[in-house]
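Architecture at a glance
Listed below, chain by chain, are the residues.
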Amino acid sequence: MNNFNFCSPTEFIFGKGRENECGDYVRKYGGSKVLIHHGGKSAIKSGLLDRVKNALEEKGIAFCELGGVQPNPRDTLVYKGIELARSEKVDFILAVGGGSVIDSAKAIAIGALYEGDFWDFYSGKHAEKALPVGTVLTIAAAGSEGSGDSVITRTEGMLKRGTGSDVMRPVFSIMNPELTQTLPAYQTACGAADIMAHVFERYFTNTTEVEITDRLCEAVLCTMIRETPRVIADPNNYEARANIMWAGTVAHTNIVGVGRDQDWNSHNIEHELSALYDCAHGAGLAVIMPAWMEFVHRHNVLRFCQMATRVFGCAMDYETPENTAAAGIKAFRHFLHDIGMPINFAELGAKEEDIPKLVEKLGLLDGHTGGFVSLCSEDIAEIYRIAARASL
Ligand code: NZQ
Ligand code: ZN
């Protein structure tokens, strides 16, 4: 196991009706003038936004509001948010929504305290300070409610880039699984695919003797395999929603990834798809991650056998372990298909002829070659080709 630091300062407030307590937590973490940041319309339609505003008013907390965050959040709204935060002298940002809203809130939080262009942080600069961010989470997916990361798309050139710093970890995250019951089945499944991908990015490692994190990873994956079909069949299954919601956070605070090298190539390869086609990040991962597995599995066949046997219950073929590895990858792709995810370019709305463009844009990234298997541009093109042509 490698040396590590683990910093997860977020207070998680979990369970039914907990959004009504958001005024208490904004106060607790020093907020007196809040920017409420939200998305398209789901939080308005469900009445959540009104409940949040009432909860702030009850505690005498002033607020202003900026809605309109779209999935794959854009820099243009971040600039508006930074301006608003400064002109309104905001001292706290409350994100009400999913990963896109939270990531946009984090970008505003670092941008408001920085004299230069906030995009500098998405081009390699490390954020050292931020306004405090709290969240009321409405979808189990990105894990941004417990992570120090933010991913923003620059409208000019549609460049999707991320940044990470512990100062961006939310001070609190309110997680009421009931709020996720209004999600369309497709979005629920996209979230599940993303959660599983966050675990796999960590699971496939060259670091040895990491039994504790291996087992934690497998627990999250097995939970997702059990619970996701239950919420697809019954969107109002609170207990299954609750398990998935907490799994999404556990998958991405990094508690399952400490002390080990991690890969993250699938995420980088996917981000070009969601930037170019504006598809859901989880759907893009459902297409990319099994293709990446097929391409890299020979690097460590036994690790893929471990996944196949412990996570997907495949039988071990001791004579030809490669068969077991292949069966595990196949089982993963079948699972994704069964929960309603696309498994190839056509189903995602992507085009094989765009592969050179995707590879070229990804090439602009420096240093993201993958911690499990290092990939060159031609390897990445091959992974896109496998993804383009995949079938069950
Ligand atoms: O805008 P509204 O109307 O709320 O609709 C959203 C959106 O269309 C809808 N939705 C959310 N909660 C709902 C709901 N609809 C009905 N009922 C609810 N309760 O769902 C759609 C997707 O929302 P979004 O916030 O985009 O989803 P997600 O949480 O998957 O976030 C995706 C973004 O997070 C980034 C992705 O790249 C993508 O941009 N990621 C962020 C990470 C991080 N910060 O740590 C890590 C991830 O790997 C990921 O890259
Ligand atoms: Zn992700």
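Structural notes, computed from the coordinates.

Conventions used here
Residues numbered from 1 in each chain as written. Chains lettered and ligands numbered in written order. Predicted model: local features only at pLDDT ≥ 70, side-chain atom pairs only at ≥ 80, totals over all residues. Heavy atoms only, no water. Axes fitted to C-alpha atoms, helices over the stretch in contact; angles between N-to-C directions. Helix = DSSP H or I, 4+ residues; strand = E, 2+ residues; numbered from the N terminus. Parallel < 35°, antiparallel > 145°, perpendicular 65-115°, else oblique. Left-handed = near helix turned anticlockwise from the far one by under 90°. Contact = heavy atoms within 4.5 Å. Pairing = 2+ DSSP bridges. Phe/Tyr/Trp six-rings, centres within 6.5 Å; stacked < 30°, edge-to-face > 60°. Buried < 20%, exposed > 50% of the residue type's maximum accessible area, 1.4 Å probe, protein only. Lys NZ or Arg CZ within 6 Å of the ring centre and 35° of its normal. Near = heavy atom within 4 Å. Polar contact = N/O pair within 3.5 Å; in protein donor to acceptor, adjacent residues only side chain to side chain. Disulfide = S-S within 2.5 Å. Right-handed = clockwise from strand over helix to strand, strands pointing away.

Now for the packing of helix α6 (residues 185-203) against helix α10 (residues 281-296). It is the contact of α6 with α10, at a shortest axis distance of 7 Å, that shows an interaxial angle of 40°. With respect to each other, α6 and α10 are oriented oblique. Of the two elements, α6 crosses α10, and the hand of that crossing is left-handed. Between α6 and α10, the contacting residues are Y186, C190, A193, D194, A197, H198, F200 and E201 on the first element and H281, G282, A283, L285, A286, M289 and M293 on the second.

So, on to the sheet that holds strand β5 (residues 133-137). Strand pairing in a sheet takes place through backbone hydrogen bonds and is either antiparallel or parallel in direction. The strand order across the open sheet formed by six strands is β1-β8-β5-β4-β2-β3, and the pairing between neighbours is parallel. Two strands bound the open sheet, and with one partner strand each, they are β1 (11-14) and β3 (62-66). Neighbouring strand axes in the sheet, compared pairwise and without regard to direction, differ in orientation by 20° on average. In this sheet, β5 lies alongside strand β4 (residues 92-97) in parallel orientation, the contact comprising five bridges. Bridged to V96 within β5 is V136. Along the sheet, helix α3 (residues 48-58) makes contact with β2 (33-38), β3, β4 and β5, crossing β2 at roughly 175°. Contacts between helix α8 (residues 238-252) and the sheet are confined to β1, β5 and β8 (172-175), with β1 contributing the most and set at about 170° to the helix.

The next subject is the packing of aromatic side chains. All told, the structure shown has 20 aromatic pairs when counted by the stated rule. Ring centres of F204 and F304 lie 4.2 Å apart, and the angle between their planes is 20°; on these two criteria the pair is classed as stacked. Placement of F204 in the loop between α6 and α7 (211-233) and of F304 in helix α11 (residues 301-310) is noted, with a sequence separation of 100 residues between them. Per residue, the accessibility class of F204 equals that of F304, and both read buried. Taken together through their ring pairs, the aromatic side chains of F200, Y203, F204, W292, F304, F312, F332 and F372 make up a single cluster. The ring of Y238 has K16 lying over it, and the distance from NZ or CZ to the ring centre is 4.4 Å. When the ring centre of Y203 is taken as origin, the NZ or CZ atom of R303, which lies over that ring, is 5.2 Å away.

Our focus in this paragraph is the site of ligand 1. Taken together, 31 residues surround ligand 1, and among them G40, S42, S100, D103 and H198 come closest. In the model, an oxygen atom of ligand 1 is placed 2.7 Å from a nitrogen or oxygen of the H198 side chain. The separation between an oxygen atom of ligand 1 and a polar side-chain atom of H281 is 3.2 Å. Of all the secondary structure elements, the ones that give two or more residues to the shell around ligand 1 are α5 (99-111), β6 (149-154), α6 and α9 (265-277).

As a further point, take the state of the cysteines. Taken as a whole, this structure holds zero disulfides when the rule is applied. Here C7 is not cross-linked by a disulfide; its sulfur's nearest cysteine counterpart is in C217, at 20 Å. A relative accessible area of 32% places C7 in the partly exposed class. Sulfur of C190: no disulfide; nearest cysteine sulfur belongs to C279 and is 8.6 Å away.

The element β5 is largely enclosed, with a buried count of five among its five residues. Side-chain alternation along β5 places V133, T135 and L137 on one buried face and G134 and V136 on a second face that is also buried. In terms of handedness, the path from β4 via α5 over to β5 forms a crossover that is right-handed. Where β5 and β8 come together, four bridges link them in parallel fashion. By the bridge assignment, V136 is partnered in β8 with I174.

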